[in-house]
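Each chain is listed here by its residues.
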Amino acid sequence: MIKKAIAILIGSSLLALGINLFVIPNHLLDGGIIGLGLIAKYAFELKPGLTIIALSIPLYGVAFFFNRTYFYNGIHGLLISSFLIDFFFPLSFWEAPPILISSILAGILIGTGIGIMLSAEISSGASDLLALLLARLTNVNAGIFIFIIDCFVLLIGSFYIQEVTIFYSAIMVITIGITTSSILRYFRKK
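Worth saying up front: this structure is predicted, and the values here are computed from it rather than measured.

Draft legend 1. Structural view of the pattern of salt bridges. Applying the stated rule across the entire model yields one salt bridge. In this structure, the salt-bridge partner of Lys41 is Glu45, at a minimum N-O distance of 2.9 Å. Judged by relative accessible area, which is 9%, Lys41 ranks as buried. A relative accessible area of 58% places Glu45 in the exposed class.

Here it is as structure tokens:
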């Protein structure tokens, strides 16, 4: 229980810092539910954390009825991550490094945060939860579903948000994937 609480706090903090220090100042876009929260921020000035929670409610409702383990392991990560994304929002007004450096640093911070949470079997958002549920139903690797969801969100963002630079957002998403995988491999060796 203490290990999960520490993983949630550290992982959520890294995720929120990556988004507010590097993603929002450069109008980058992440995949999944976090990416949809960022689209809502850029297009409608909505709070991304609150949007993430609102968009996640239906998927967590499904998880509650079909796989309570996924629900219980994900709900705390979702709520803390979303709260910290909005809590650290004032940091998004700082002068961020150039966009390439920001996309790589954001990918490392967010990927480390997600990796820490996933290593403790905690989800930070409903897109991971959706991928896990689809993988269970279809016997297809959850990573494939996460990749498809991320690509779909990046595609949506490219149509609706002019400032989003898809190339740098793609670099960030790839960096997140590599970092998350590395963190998970590190914790599995222990």
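Next comes the rest of the account.
Draft legend 2. Spatial organisation of the packing of helix α1 (residues 2-23) against helix α2 (residues 32-44). Relative to each other, α1 and α2 sit at 40 degrees, their axes nearing to 13 Å. It follows that α1 is oblique to α2 by the angle criterion. When you trace α1 past α2, the crossing you get is right-handed. Of the residues in α2, those touching α1 at Leu15, Ile19 and Val23 are Ile34, Leu38 and Tyr42.

Draft legend 3. Just unusual backbone geometry, in detail. Even without being glycine, His27 reaches a positive phi, approximately 50 degrees. Looking at the element boundaries, His27 is found in the loop between α1 and α2. We classify His27 as partly exposed; its relative accessible area is 27%. One non-glycine residue, Glu45, lies in the positive phi region at around 60 degrees. Tracing the sequence through the fold places Glu45 in the loop between α2 and α3 (48-66).

Draft legend 4. The nonpolar core, seen in detail. The biggest cluster of nonpolar side chains holds 43 residues, and the ones touching the most others in it are Leu15, Ile19, Val23, Leu38, Tyr60 and Ile110. Listed by contribution, the elements that provide at least two residues to this core are α1, α2, α3, α4 (68-87), α5 (99-119), α6 (126-138), α7 (142-160) and α8 (166-189). In terms of residues, this core owes the most to one element, α1, which gives nine residues. In contact with Ile110, other than residues within four places in its own chain, are Leu14, Leu15, Gly18, Ile19, Val23, Asp30 and Ile176.

Draft legend 5. Representation of α2 within the structure. A rise of 1.5 Å per residue sets the reference length of α2, with its 13 residues, at 18 Å; its end C-alpha atoms lie 18 Å apart and thus fit the reference within 8%. Burial within α2 is extensive, with ten of its 13 residues counted as buried. Among the residues trailing α2, Glu45 stands out with phi positive, at a value near 60 degrees.

Draft legend 6. Region of the structure containing a nonpolar patch on the surface. Taken together, Leu100, Ile101, Ile104, Leu105 and Ile108 make up a surface patch of nonpolar side chains, about 380 Å² in accessible area. Tracing the chain through its elements places Leu100 in helix α5. According to the relative accessible area criterion, Leu100 is partly exposed, its value standing at 40%.

Draft legend 7. Expanded view of the packing of aromatic side chains. Taken as a whole and judged by the stated rule, the model has ten aromatic pairs. Arranged with centres 5.4 Å apart and planes meeting at 75 degrees, the rings of Tyr186 and Phe187 form a pair that is edge-to-face. Three or more aromatic residues link up through ring pairs in this structure, and these residues are Tyr60, Phe64, Phe65, Phe71 and Tyr72. Residue placement shows Arg68 over the ring face of Phe64; its charged tip is 3.9 Å from the ring centre.

What counts as what
Residues numbered from 1 in each chain as written. Predicted model: local features only at pLDDT ≥ 70, side-chain atom pairs only at ≥ 80, totals over all residues. Heavy atoms only, no water. Salt bridge = Lys/Arg side-chain N within 4 Å of Asp/Glu carboxyl O. Buried < 20%, exposed > 50% of the residue type's maximum accessible area, 1.4 Å probe, protein only. Axes fitted to C-alpha atoms, helices over the stretch in contact; angles between N-to-C directions. Helix = DSSP H or I, 4+ residues; strand = E, 2+ residues; numbered from the N terminus. Parallel < 35°, antiparallel > 145°, perpendicular 65-115°, else oblique. Left-handed = near helix turned anticlockwise from the far one by under 90°. Contact = heavy atoms within 4.5 Å. Core = buried A, V, L, I, M, F, W, Y, C linked by side-chain atoms within 4.5 Å. Expected span 1.5 Å × (residues − 1). Patch = residues over 30% accessible without salt bridge, like charges linked within 9 Å, V, L, I, M, F, W, Y side chains within 5 Å. Areas by Shrake-Rupley, 256 points an atom, 1.4 Å probe, with all protein chains shown as cover. Phe/Tyr/Trp six-rings, centres within 6.5 Å; stacked < 30°, edge-to-face > 60°. Lys NZ or Arg CZ within 6 Å of the ring centre and 35° of its normal.

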